[in-house]
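Here are the chains, one letter per residue:
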Amino acid sequence: MVKVTPARTHRIVPPSTSWRERRRLVSRQIEASVRWVEEHGLSTVVRWGAVILVSAIPTLQNFGIVTNRWWLLPWVAALVTVLVFDHHRHGASLIRLIRGIGYINSSFGGSFDTISNKIPSDGGCLTEEGSQSACIGFLHRIRDYTAFALRAEKSPRLRATLAVPIVTDGSVKALRIWAYDEPHSDRGFTTIPLYDDKGQVLGGAPAAYLTQDIHIVEDVHRMRGGHLVGASQRPYRSILSIPLSARDTDGKPLAVINVDADEPNFFEPETVLDRVMPLLAPVVNAMGLVLRMRTPGATYDFPR
Amino acid sequence: MTSRDKAQQDRQIKIVREDDGWSIKISDTNPETRNRPLTKEERNFVREEVKRGAVADSG
């Protein structure tokens, strides 16, 4: 005799739970449904469709165009959809926000793990290779956080670089890109002079290094002095330069982080201060920690 | 006055219009509050400064 196993049914609410727990579980289910609708780009259609039904059905009944009383059912369904959707929309947005930050944060945590493993067990300093790979990981997070803060996951294209001071005859005359967020095909490890021919401080990374302030370059193609080689041909148009708060013995930043965008006028003071810097601050300071942990007096290596 | 109010008073933001873009100086003795999001007053201040800088630039 064949034993028939009863079909398993999926219970939204498990039995023997308190009223408060049941309410929370149902709320989570509805939030998940609202999130699904939002993730599939249907939220505007669903909400506005329901709003139109809620307002149109009584109007049409009033004018005698709709006389069947069964039209009350879609009206009630639309009303419930609007109320439920609006009530749970904030929860769904919050979950989406947490997932977005969590995705980057988990990688950020992994970068710390990499550094821990690069530190010699006898308590020594980070090597050139160890500190550079740690900085590359952090630069990647900087690009991700900036894209998340400015909603630029797809466009414009962003890139993060780290410019370190180059000491010539005992003083710093220029900065040079030492690390990129990823191995871009067009990376050139560019040298950036601090001053123009008239001895004036150049904008962007040089100004950020010397003044220790954040600097925004609106368009590289219209930059004074044109100190970047082939500036008018560069695909990255706007630059956000952030000096590290960690200082060397002269009180100057250990390095300057640059976030480049291939769109002019992309960075604005308000969004940088309000959205970008709060997210970037832990990564920027972690990078200062990494550079501080390098072998004292070690110079930076660049590809020939 | 709460510590948060005190921290808000301690942070000073200065925005200067440069030839190539903008320079932003944040003065805050407390590194824990240095990079927090803008308050409503700070946001208004930043908007005014940017507007003023843009007007000076076009003029």
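Residues numbered from 1 in each chain as written. Chains lettered and ligands numbered in written order. Predicted model: local features only at pLDDT ≥ 70, side-chain atom pairs only at ≥ 80, totals over all residues.

**Description of the overall build of chain B**
Phase 1 of the analysis: Regarding its fold elements, chain B presents 2 helices and 2 strands.
Phase 2 of the analysis: Order of helices (α) and strands (β) in chain B, N terminus to C terminus: α-β-β-α.
Phase 3 of the analysis: Within chain B, buried positions represent 15% of all 59 residues. (Helix = DSSP H or I, 4+ residues; strand = E, 2+ residues; numbered from the N terminus. Buried ≥ 20, exposed ≤ 12 C-beta atoms within 10 Å, placed from the backbone.)

**Observations concerning the overall build of chain A**
Phase 1 of the analysis: The helix and strand inventory of chain A stands at 6 helices and 6 strands.
Phase 2 of the analysis: What you see in chain A, going N to C, is helices and strands ordered as α-α-α-α-β-β-β-α-β-β-β-α.
Phase 3 of the analysis: In terms of overall size, chain A is more extended than a compact globule, its C-alpha atoms giving a radius of gyration of 28 Å where 304 residues would be expected to give roughly 19 Å.
Phase 4 of the analysis: The principal-axis extent of the C-alpha atoms belonging to chain A is close to 90 × 60 × 35 Å.
Phase 5 of the analysis: By residue count, 31% of the 304 residues in chain A fall in the buried class.
Phase 6 of the analysis: Excluding contacts between residues fewer than 6 apart, the proportion of contacts in chain A whose partners are at least 24 apart in sequence is 59%. (Rg over C-alpha atoms; globule rule 2.2 N^0.38 Å. Contact = placed C-beta atoms within 7 Å.)

**A look at the sheet that holds strand E2 (residues 171-180) of chain A**
Phase 1 of the analysis: Taken in spatial order, the 8 strands make up an open sheet running E3(A)-E2(A)-E1(A)-E6(A)-E5(A)-E4(A)-E2(B)-E1(B), and their pairing is antiparallel. Unpaired on one side and paired on the other, strand E3 (191-193) of chain A together with strand E1 (12-17) of chain B mark the two borders of the sheet. Geometrically, the sheet is characterised by an average inter-axis angle of 25° between neighbouring strands, direction not taken into account.
Phase 2 of the analysis: Of the strand pairs in this sheet, strand E4 (residues 214-217) of chain A and strand E5 (residues 238-243) of chain A are connected by 3 bridges, and their pairing is antiparallel. Directly across from His-215 of chain A, in E5 of chain A, lies its bridge partner Ser-241 of chain A.
Phase 3 of the analysis: Along the sheet face, helix H4 (residues 128-149) of chain A touches strand E1 (158-168), E2 and strand E6 (256-261) of chain A and points at about 135° away from the line of E1 of chain A.
Phase 4 of the analysis: Running over the sheet, helix H6 (residues 269-292) of chain A touches E4, E5 and E6 of chain A together with E1 and strand E2 (21-27) of chain B and is turned about 60° from E2 of chain B. (Pairing = 2+ DSSP bridges. Axes fitted to C-alpha atoms, helices over the stretch in contact; angles between N-to-C directions.)

**Section: the confidence of the model for chain B**
All names here are of chain B.
Phase 1 of the analysis: Considering every residue of chain B, the mean pLDDT works out to 82; 78% of them sit at 70 or more.
Phase 2 of the analysis: Per-element confidence in chain B ranges from a low mean pLDDT of 55 for helix H1 (residues 3-10) to a high of 93 for E2.
Phase 3 of the analysis: Across the predicted assembly, pTM comes out at 0.77 and ipTM at 0.86. (pLDDT = per-residue confidence, 0-100.)

**Digging into the interface of chain A and chain B**
Phase 1 of the analysis: Listed per partner, the contact involves 20 residues of chain A and 18 residues of chain B.
Phase 2 of the analysis: If you list the elements that add at least two residues to the side of chain A that touches chain B, you get helix H5 (205-211), E4 and H6 of chain A.
Phase 3 of the analysis: When residues in the side of chain A that touches chain B are grouped by element, the largest group, 8 residues, is from H6 of chain A.
Phase 4 of the analysis: Residue composition of the side of chain A that touches chain B, by class: 11 nonpolar, 4 polar and 5 charged.
Phase 5 of the analysis: The pairing of E4 of chain A with E2 of chain B spans 4 bridges and is antiparallel. Counterpart to His-215 of chain A in the pairing with E2 of chain B is Ser-23 of chain B. (Nonpolar A, V, L, I, M, F, W, Y, C, P; charged D, E, K, R; others polar.)

**Brief notes about the environment of Asp-113 of chain A**
All names here are of chain A.
Phase 1 of the analysis: Within the element layout of this structure, Asp-113 appears in helix H3 (residues 72-118).
Phase 2 of the analysis: Residue classification places Asp-113 among the exposed positions, given that 10 C-beta atoms sit within 10 Å.
Phase 3 of the analysis: On a C-alpha basis, the gap between Asp-113 and Ala-134 in space is 9.7 Å, while along the polypeptide they are 21 residues apart.

**As for the pairing of E5 of chain A**
Residues and elements named next belong to chain A.
Phase 1 of the analysis: The element E5 is largely enclosed, with a buried count of 6 among its 6 residues.
Phase 2 of the analysis: The alternating pattern of E5 places Ser-238, Leu-240 and Ile-242 on one face and Ile-239, Ser-241 and Pro-243 on the opposite face, and all of these are buried.
Phase 3 of the analysis: Two strands pair when backbone bridges link them, and E5 and E6 are joined in this way by 6 bridges, in the antiparallel orientation. Directly across from Ile-242, in E6, lies its bridge partner Ile-257.

**Regarding the packing of helix H1 (residues 19-39) of chain A against H3 of chain A**
Residue and element names in this part refer to chain A.
Phase 1 of the analysis: Interhelical geometry of H1 versus H3 gives an angle of 75° and a closest axis separation of 8 Å. As far as their axial angle goes, H3 and H1 are roughly perpendicular. In contact with Ile-30, Glu-31, Val-34, Arg-35 and Glu-38 of H1, H3 contributes Val-84, Phe-85, His-88, Arg-89, Gly-91, Ala-92, Ile-95 and Arg-96. (Parallel < 35°, antiparallel > 145°, perpendicular 65-115°, else oblique.)

**Overview of the environment of Val-76 of chain A**
Residue and element names in this part refer to chain A.
Phase 1 of the analysis: Tracing the backbone shows Val-76 in helix H3.
Phase 2 of the analysis: For Val-76, a count of 12 C-beta atoms within 10 Å puts it in the exposed group.
Phase 3 of the analysis: Distance from Val-76 to Ala-50, taken between C-alpha atoms, is 9.8 Å for residues 26 residues apart in sequence.

**Describing the packing of H3 of chain A against H4 of chain A**
What describes two packed helices is the angle between their axes and the distance between those same axes.
Residue and element names in this part refer to chain A.
Phase 1 of the analysis: Packing of H3 against H4 leaves a shortest axis separation of 10 Å and a crossing angle of 170°. It follows that H3 is roughly antiparallel to H4 by the angle criterion. Contact residues: Gly-100, Ile-104, Ser-107, Phe-108, Ser-111, Thr-114, Ile-115 and Lys-118 in H3; Gly-130, Ser-133, Ala-134, Gly-137, Phe-138, Arg-141, Asp-144, Tyr-145 and Phe-148 in H4.
Phase 2 of the analysis: Looking at the contact of H3 with H4 residue by residue, the classes come out as 7 nonpolar, 7 polar and 3 charged.

**A closer look at the domain arrangement of chain A**
Phase 1 of the analysis: Parsing chain A into structural domains produces domain 1 (19-94) and domain 2 (153-292).
Phase 2 of the analysis: For domain 1 of chain A and domain 2 of chain A, the distance between their C-alpha centroids amounts to 49 Å. (Domains from an automatic or database assignment.)

**A look at helix H2 (residues 43-62) of chain A**
It helps to recall that an α-helix has 3.6 residues per turn; residues three or four apart then point in one direction.
Phase 1 of the analysis: In this model, H2 of chain A (20 residues) spans 29 Å end to end at C-alpha, consistent with the 28 Å of a helix rising 1.5 Å per residue.
Phase 2 of the analysis: In the structure, H2 of chain A departs most strongly from a straight axis at Ala-56 of chain A, where the bend amounts to approximately 25° and where the proline Pro-58 of chain A lies between one and four residues downstream. (Expected span 1.5 Å × (residues − 1). Bend = angle between axes of the 7 residues up to and from the residue.)

**Section: H6 of chain A**
Phase 1 of the analysis: Taking 1.5 Å per residue, 24 residues should reach 34 Å; H6 of chain A reaches only 29 Å between its end C-alpha atoms and comes up short.
Phase 2 of the analysis: Where H6 of chain A bends most, at Met-277 of chain A, the angle is about 55°, and the proline Pro-278 of chain A comes one to four residues later.

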